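Commentary on secondary and tertiary structure
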Amino acid sequence: MCGKTYKPGQVEYTCTVCGADGILDVHYDYEQVHKVLNRDTLAANSDRTLWRYLPLLPIPQGARLPRLTVGMSPIYDVPILATEFGVKRLLVKDEGRGPTASFKDRASAIGATRALALGRSEIACASTGNAATSLAGFAADLGLAAKIFVPASAPEAKVAQLLIYGAKVFLVKGTYVDAWNICQAAVAEFGWYNRSCAVNPYLVEGKKTGGLEIAEQLARELPDVVFVPVGDGCIISGICKGLIEMKELGVTSRVPRVIGVQAEGAAPIAAAFNAGKDRVVPVEANTLADSISVGTPRNWKKAIHYVRATGGSFVTVSDPAILEMIPKLARASGVFAEPTGCVAAAGVREARARGLVAAGDSVLVLATGNGLKDVRGAMRAVTLPEPVTPDLAAIRQALS
Ligand SMILES: *Cc1c(COP(=O)(O)O)cnc(C)c1O
């Protein structure tokens, strides 16, 4: 972060001074924005999608917007888990209901809209799965050609989404890091628009809408802490930025602490943060939470910077704890989340144990992806019953 600033349109991706590591941050003239986006205008706005925040989004005037709707996902009270974790209140925001069923829809809505507005027809990304499926969905909506790089090990349902949407899919032999590297090389070679969040600063602006929403939906009962699963660090950066901007605009009076949660087997950002280091040491990622199975995180600098700005922290959770949380969250709230979607909830217990959250705190957890995206993962948390013959005697026996 060298501090260099650019005018809109001057660069589309990273800082020319810092190179690939120089991920930019988008800033607005908040005084001007406040005139058209404030408590009163929001209260009067009947748009129930993320476009209600248009003055705070990097969309050129008159751009064609997608038809797929995303945003204003519901927030549910989960008293059973609040009691279990020993916090005052526990809320879950269900991001599994977007058009392609993950939080990534927020970023892809912005990326695809911007690509079209810039006159681009081909858009690419590397992904553990969900960024790709959401890009494929929005590309289909807007008539763009999507080029997708995912590890060949991506869950079947996510690959099915990609193929059904008609994206050009490269199932990369290797990890997400390998998919990332070849995608960047291909973008440079073929001139595609780059949707990767850790290169294109505008994508985090889409993710930011999650934070804007939490602030708006809970303005008078803002949680003390917000928990976010972390892979590359783009979602958590966006959530923090959104929460901070809503305070800037006077919609809220404070910013909740934001706690990032990583899987133990892929926790380089948590390790750096907890060691007080401003350097991340890449690891070989190994976790069943495929969406955050990221050994070389691309947006760690921004993530650490923003988490610090909220007074937050990072914790890690084990795979068994994640697995256990899938049915626990579903049974307590009705929200069936993919393994990574349960990581934030699993992090509450850990944060309580470490004293990062007090008994009097209210917390919100972000359920970032739908459980149907990784049925095989979910089935590891339950036992398949023996088939029964269709007669009452057998049912009676199964009940006993
Ligand atoms: C991508 C993703 C994450 C992590 O987001 P990062 O920006 O990589 O930190 C969390 N949950 C789900 C479901 C995801 O798809």
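Please refer to the structure higher up on the page.
Now for a quick tour of the structure. Keep in mind the model is a prediction, meaning the values are calculated, not measured. (Residues numbered from 1 in each chain as written. Predicted model: local features only at pLDDT ≥ 70, side-chain atom pairs only at ≥ 80, totals over all residues. Heavy atoms only, no water.)

Some thoughts on the overall build of the protein chain
- The number of helices and strands found in the protein chain is 15 helices and 10 strands.
- By the burial criterion, 57% of the 400 residues in the protein chain qualify as buried.
- By sequence separation, contacts in the protein chain at least 24 residues apart represent 72% of the contacts at least 6 residues apart.
- On the protein chain, roughly 16,800 Å² of surface is accessible, and the fraction owed to carbon and sulfur atoms is 53%.
- Looking at charge distribution, the protein chain has the averaged site of its 43 positive side-chain charges lying 2 Å from that of its 37 negative ones. (Helix = DSSP H or I, 4+ residues; strand = E, 2+ residues; numbered from the N terminus. Buried < 20%, exposed > 50% of the residue type's maximum accessible area, 1.4 Å probe, protein only. Contact = heavy atoms within 4.5 Å. Areas by Shrake-Rupley, 256 points an atom, 1.4 Å probe, with all protein chains shown as cover. Lys, Arg positive; Asp, Glu negative; His and termini not counted. Charge placed at Lys NZ, Arg CZ, Asp CG, Glu CD.)

Some points on the pairing of strand 7 (residues 225-229)
- Most of strand 7 is tucked away: 5 of the 5 residues are buried.
- Here strand 7 shows two buried faces, one formed by Val225, Phe227 and Pro229 and the other by Val226 and Val228.
- Strand direction decides the pairing type here: strand 7 and strand 8 (residues 257-263), joined by 5 bridges, are parallel. Counterpart to phenylalanine 227 in the pairing with strand 8 is isoleucine 259.
- Both strand 7 and strand 10 (residues 362-367) contribute to a ladder of 3 bridges, which runs parallel. Its bridge partner lying in strand 10, phenylalanine 227 is registered against valine 365. (Pairing = 2+ DSSP bridges.)

Section: the packing of helix 9 (residues 234-248) against helix 11 (residues 300-309)
- Between helix 9 and helix 11, the least distance of the axes is 8 Å, while the angle of their chain directions is 35°. Like other packed secondary-structure pairs, helix 9 and helix 11 cross with a definite hand, here left-handed. Where helix 9 approaches helix 11, its residues Ile236, Ser237, Cys240, Lys241 and Ile244 are matched on the opposing element by Lys302, Ala303, Tyr306, Val307 and Ala309.
- Of the residues that constitute the contact of helix 9 with helix 11, the class distribution is 7 nonpolar, 1 polar and 2 charged. (Axes fitted to C-alpha atoms, helices over the stretch in contact; angles between N-to-C directions. Left-handed = near helix turned anticlockwise from the far one by under 90°. Nonpolar A, V, L, I, M, F, W, Y, C, P; charged D, E, K, R; others polar.)

Looking at the sheet that holds strand 4 (residues 145-151)
- One open sheet holds the 4 strands; their spatial order is 5-4-3-6, and the pairing between them is parallel. On the outer flanks of this sheet lie strand 5 (168-172) and strand 6 (193-194), each paired with one strand and no other.
- Where strand 4 and strand 5 come together, 5 bridges link them in parallel fashion. Bridged to phenylalanine 149 within strand 5 is phenylalanine 170.

Some details on the side chain of arginine 114
- Locating arginine 114 in the fold gives a position in helix 4 (residues 105-117).
- Residue arginine 114 is classed as buried on the basis of its relative accessible area, which comes to 8%.

Some details on the pattern of salt bridges
- Tallied over the entire structure, the rule returns 23 salt bridges.
- The closest approach of N and O atoms between glutamate 245 and lysine 208, which form a salt bridge, is 2.9 Å. One end of the pair, glutamate 245, is in helix 9; the other, lysine 208, is in helix 8 (residues 201-217), with 37 residues separating them in the sequence. Summarising the burial analysis for this pair, glutamate 245 and lysine 208 share the class buried.
- Glutamate 245 is the salt-bridge partner of lysine 241, the closest N and O atoms lying 3.0 Å from each other. Linking lysine 241 with glutamate 245, this pair stays in helix 9, spanning 4 residues, or about one helical turn. Grouping residues by exposure puts lysine 241 and glutamate 245 together as buried.
- Through salt bridges with shared partners, a single ionic network connects Glu84, Glu324, Lys328 and Arg349. (Salt bridge = Lys/Arg side-chain N within 4 Å of Asp/Glu carboxyl O.)

Quick word on the site of the ligand
- Taken together, 16 residues are adjacent to the ligand, and Lys104, Asn130, Gly231, Gly233 and Thr368 come closest.
- Contact between the ligand and glycine 231: an oxygen atom at 2.8 Å from a main-chain N or O atom of the residue.
- Take aspartate 232: an N or O atom from its main chain is 2.8 Å from an oxygen atom of the ligand.
- A total of 380 Å² of accessible area belongs to the ligand in isolation, and the protein chains cover 97% of it. (Near = heavy atom within 4 Å. Polar contact = N/O pair within 3.5 Å; in protein donor to acceptor, adjacent residues only side chain to side chain.)

Observations concerning the sheet that holds strand 2 (residues 89-94)
- With respect to topology, 6 strands assemble into an open sheet ordered 1-2-10-7-8-9, the strand pairing being mixed. A strand with exactly one partner marks an edge of an open sheet, and here the two such strands are strand 1 (75-77) and strand 9 (313-317). Each adjacent strand pair in this sheet contributes to an overall mean axis angle of 25°, direction not counted.
- Judged from the 3 bridges that link them, strand 1 and strand 2 form a sheet pairing that is antiparallel. The partner of tyrosine 76 across the bridge, within strand 2, is valine 92.

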